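An overview of the molecular structure
The chain contents come next:
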Amino acid sequence: GAVVSQHPSRVICKSGTSVKIECRSLDFQATTMFWYRQFPKQSLMLMATSNEGSKATYEQGVEKDKFLINHASLTLSTLTVTSAHPEDSSFYICSAGDRGQGSEKLFFGSGTQLSVL
Amino acid sequence: QQQVKQSPQSLIVQKGGIPIINCAYENTAFDYFPWYQQFPGKGPALLIAIRPDVSEKKEGRFTISFNKSAKQFSLHIMDSQPGDSATYFCAASMKGSARQLTFGSGTQLTVLP
């Protein structure tokens, strides 16, 4: 299947700092990528849909100024958690699909565990 | 109408057993139903998927059964192994939504040696 690379896999930061997470589609172009948040033993919660060359679409209740998404190329989307606080600590995961092949399949990155001290 | 309901929340079987995980949906616009396997600290991995024009699909030890009239689908794992111990999520998507996935709540499977 298609490969989605996510980096870093783990980050620990101090409260008030910003953290950037990268999501890359390695062997296909992704006009759309999705960002999720997952708490322990819970399902994935969609945060936003990242669209190449345009603004991201955020789900209800997700602060767009807090979670900045940039999808500047067909293979890269970034999520920046601005002024992170302990309540932002979570597992963040991105996904993308090779829509160029007309496939419905979505592939996920390996996730980023964010811990804010 | 966007929900996908998944059960059970957790499941314990002996090695060689056949765990079955069930999902139900309401929105008839869903036309793609994948299952994902997730290990702790990792992203979900696509296991197998089905479309509503097919009642069953098998890939290796994993089988999806699909009942369109009941709006239900299930995952069967044949000859389960301890390495299958993971969390399993069903999901659904439809056209016109960039194929955004709606996830079930997940099932934590433990296969005892």
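See the structure printed just above.
Structural notes, computed from the coordinates. Please read all numbers here as calculations on a predicted model, not as lab measurements.

1. Points about the sheet that holds strand β8 (residues 72-77) of chain B
Strand pairing in a sheet relies on backbone hydrogen bonds, with the paired strands running either antiparallel or parallel. All names here are of chain B. The 5 strands are arranged β1-β3-β8-β7-β6 in an open sheet whose pairing can be described as antiparallel. With partners counted over all chains shown, the strands left at the sheet margins are β1 (4-7) and β6 (56-59), one partner each. Neighbouring strand axes in the sheet, compared pairwise and without regard to direction, differ in orientation by 15 degrees on average. Summarising the sheet, β6 and strand β7 (residues 62-67) pair through 4 bridges and their orientation is antiparallel. When the bridges of β7 are listed, glutamate 59 appears paired with phenylalanine 62.

2. Side note on the side chain of serine 80 of chain B
Considering the arrangement of structural elements, one finds serine 80 of chain B in the loop between β8 and β9 (86-92). When neighbours within four sequence positions are excluded, serine 80 of chain B is seen to be in contact with Val13, Gln14, Lys15, Gly16, Gly17, Pro19, Arg61 and Val111 of chain B.

3. A few points about the state of the cysteines
A full pass over the atoms with the stated rule returns 2 disulfides over all chains. What pairs with cysteine 23 of chain A in a disulfide is cysteine 94 of chain A, and their sulfur atoms sit 2.0 Å apart. The sign of the 85 degrees torsion about the S-S bond sets the cysteine 23 of chain A-cysteine 94 of chain A disulfide as right-handed. Of this pair, cysteine 23 of chain A sits in strand β3 (residues 19-25) while cysteine 94 of chain A sits in strand β9 (residues 90-96), and the two are 71 residues apart along the sequence. Judged by relative accessible area, cysteine 94 of chain A falls into the buried class, the value being 0%. Two residues, cysteine 23 of chain B and cysteine 90 of chain B, share a disulfide whose sulfurs are 1.9 Å apart. Here cysteine 23 of chain B and cysteine 90 of chain B share a disulfide; its torsion about the S-S bond, -95 degrees, makes the bridge left-handed. Here cysteine 23 of chain B is found in strand β3 (residues 20-25), whereas its partner cysteine 90 of chain B is found in strand β9, with 67 residues between them in sequence. There is no split in this pair, since cysteine 23 of chain B and cysteine 90 of chain B are both buried. Free of any disulfide, cysteine 13 of chain A has its nearest neighbouring cysteine sulfur in cysteine 94 of chain A, separated by 18 Å.

4. Observations concerning the interface of chain B and chain A
Between chain B and chain A, the residue contacts involve 19 residues of the former and 22 residues of the latter. Surface buried jointly by chain B and chain A totals about 1500 Å² across both partners, of which 57% is contributed by carbon and sulfur atoms. Of all residues in chain B, Arg99, Gln100 and Phe103 of chain B bury the most surface against chain A, accounting for 27% of the area lost on that side. With its nearest N and O atoms 2.6 Å apart, the salt bridge here joins arginine 51 of chain B to glutamate 104 of chain A. One can count 5 residue pairs in polar contact (both at pLDDT 80 or more) joining chain B with chain A.

Reading the values: the criteria
- Residues numbered from 1 in each chain as written.
- Chains lettered and ligands numbered in written order.
- Predicted model: local features only at pLDDT ≥ 70, side-chain atom pairs only at ≥ 80, totals over all residues.
- Heavy atoms only, no water.
- Pairing = 2+ DSSP bridges.
- Helix = DSSP H or I, 4+ residues; strand = E, 2+ residues; numbered from the N terminus.
- Axes fitted to C-alpha atoms, helices over the stretch in contact; angles between N-to-C directions.
- Contact = heavy atoms within 4.5 Å.
- Disulfide = S-S within 2.5 Å.
- Buried < 20%, exposed > 50% of the residue type's maximum accessible area, 1.4 Å probe, protein only.
- Buried area = accessible area lost by both parts, 1.4 Å probe.
- Salt bridge = Lys/Arg side-chain N within 4 Å of Asp/Glu carboxyl O.
- Polar contact = N/O pair within 3.5 Å; in protein donor to acceptor, adjacent residues only side chain to side chain.

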